[in-house]
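Structural overview for review
Residue-level listing of the chains:
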Amino acid sequence: DQQVKQNSPSLSVQEGRISILNCDYTNSMFDYFLWYKKYPAEGPTFLISISSIKDKNEDGRFTVFLNKSAKHLSLHIVPSQPGDSAVYFCAARKKGGSEKLVFGKGTKLTVNP
Amino acid sequence: GAGVSQSPSNKVTEKGKDVELRCDPISGHTALYWYRQSLGQGLEFLIYFQGNSAPDKSGLPSDRFSAERTGGSVSTLTIQRTQQEDSAVYLCASSFRDITHEQYFGPGTRLTVT
């Protein structure tokens, strides 16, 4: 069973507009969430994270929102730039477990000039 | 500063052969992880090292898969008697074991089993 779900395989937005990438999880034991960005033929690059004790974390153009009651998090990119075009993975870590991350399948973001 | 490096970048092997994949983590990182990404899938956890020991091997798909880490640094993932379903990108990551849990990934090894 998939514990971290990214239900949109792809998203296309115009440059300068907001990109919203969504992620749902099923395991209430997850206590830390991360977003990674991946370009083709490269490894994933850490983008931003949030602890389960917070509901928002912001870093420049990137903001992650966490809704624990809905088991939902989202990544907002404002304003979107063509260089943001990549696959975005949502990942989660289980409290008290090993350090492994559980990943979603990713959302391919395309930002059109 | 050097990031995580992996070798080879690409490996094509015949079904039934053994392969070894290498990972050099970021210097000073005590934790090391192996994941794999099959086509159209997310990253799938394989094994986690803290120092030279592996407290979590739960993701290794079969006993054909093994991994070791020596000197708290380099790690090797070995796949014996490769099968076509082993074809994937194998990714290594490392981290300090701190509260942020950020893992830094290498570029991966693309394994193709023919």
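For the structure, check the block above.
What this report covers is the structure whose coordinates are included nearby.

The rules behind these values
Residues numbered from 1 in each chain as written. Chains lettered and ligands numbered in written order. Predicted model: local features only at pLDDT ≥ 70, side-chain atom pairs only at ≥ 80, totals over all residues. Heavy atoms only, no water. Helix = DSSP H or I, 4+ residues; strand = E, 2+ residues; numbered from the N terminus. Rg over C-alpha atoms; globule rule 2.2 N^0.38 Å. Buried < 20%, exposed > 50% of the residue type's maximum accessible area, 1.4 Å probe, protein only. Contact = heavy atoms within 4.5 Å. Disulfide = S-S within 2.5 Å. Pairing = 2+ DSSP bridges. Axes fitted to C-alpha atoms, helices over the stretch in contact; angles between N-to-C directions. Buried area = accessible area lost by both parts, 1.4 Å probe. 1 Å grid on protein atoms, 1.4 Å probe; cavity = no way out; pocket = protein on both sides within 12 Å on 5 of 7 lines; lining within 4 Å. Points joined across faces, edges and corners; volume = space filled by probe spheres on them. Nonpolar A, V, L, I, M, F, W, Y, C, P; charged D, E, K, R; others polar.

Quick look at the overall build of chain A
Tallying secondary structure elements over chain A gives zero helices and eleven strands in all. Ordered by position from the N terminus, the helices and strands of chain A form the series β-β-β-β-β-β-β-β-β-β-β. Computed over its C-alpha atoms, the radius of gyration of chain A comes to 13 Å, within 12% of the 13 Å expected for a compact globule of 113 residues. Along the first, second and third principal axes, the C-alpha atoms of chain A reach 45 × 30 × 20 Å. By residue count, 47% of the 113 residues in chain A fall in the buried class. Restricting the contact set of chain A to residue pairs at least 6 apart, pairs at least 24 apart contribute 54%.

Points about the state of the cysteines
Residues and elements named next belong to chain B. According to the stated counting rule, one finds two disulfides over all chains in the structure shown. Across the disulfide from Cys 23 sits Cys 92; the S-S distance is 1.8 Å. Classification of the bridge connecting Cys 23 and Cys 92 rests on its S-S torsion, roughly -65°, and on that basis the disulfide is left-handed. Placement of the pair is Cys 23 in strand S3 (residues 19-24) and Cys 92 in strand S9 (residues 88-95), with a sequence separation of 69 residues. Of the two residues, Cys 23 and Cys 92, neither departs from the other in class, the shared state being buried.

Brief notes about the sheet that holds strand S1 (residues 5-7) of chain B
Residue and element names in this part refer to chain B. One open sheet holds the four strands; their spatial order is S1-S3-S8-S7, and the pairing between them is antiparallel. Of all the strands in the sheet, just S1 and strand S7 (65-69) have a single pairing partner and so form its edges. When strand polarity is set aside, the average angle formed by the axes of neighbouring strands in this sheet is 15°. Judged from the three bridges that link them, S1 and S3 form a sheet pairing that is antiparallel. By the bridge assignment, Ser 7 is partnered in S3 with Arg 22.

Section: the interface of chain A and chain B
With 19 residues of chain A at the interface, the matching set in chain B holds 21 residues. Between chain A and chain B, the buried area comes to about 1700 Å², and carbon and sulfur atoms account for 59% of it. Looking at the side of chain A that touches chain B, the elements that each hand over two or more residues are strand S4 (30-38), strand S5 (45-51) and strand S9 (86-94) of chain A. Sorting elements by how many residues they give to the side of chain A that touches chain B places S4(A) first, with four residues.

Considerations on the layout of surface pockets
What the largest pocket holds in volume is close to 810 Å³. Along the walls of the largest pocket sit 34 residues, with A:Lys38, B:Gln37, B:Leu39, B:Gly40 and B:Arg110 positioned nearest its centre. Among the secondary structure elements, those contributing two or more residues to the lining of the largest pocket are S9 and strand S11 (107-112) of chain A together with S9 and strand S11 (109-113) of chain B. In terms of residue count, S11(B) provides more of the lining of the largest pocket than any other element does, four residues in total. The computed volume of the second largest pocket comes to approximately 420 Å³. In this structure, the second largest pocket is lined by 19 residues; those nearest its centre are A:Asp1, A:Val102, A:Phe103, B:Leu43 and B:Glu44. Looking at the lining of the second largest pocket, the elements with two or more residues in it are strand S10 (102-103) of chain A together with strand S4 (31-37) and strand S5 (43-50) of chain B. When its residues are assigned to classes, the lining of the second largest pocket shows six nonpolar, eight polar and five charged.

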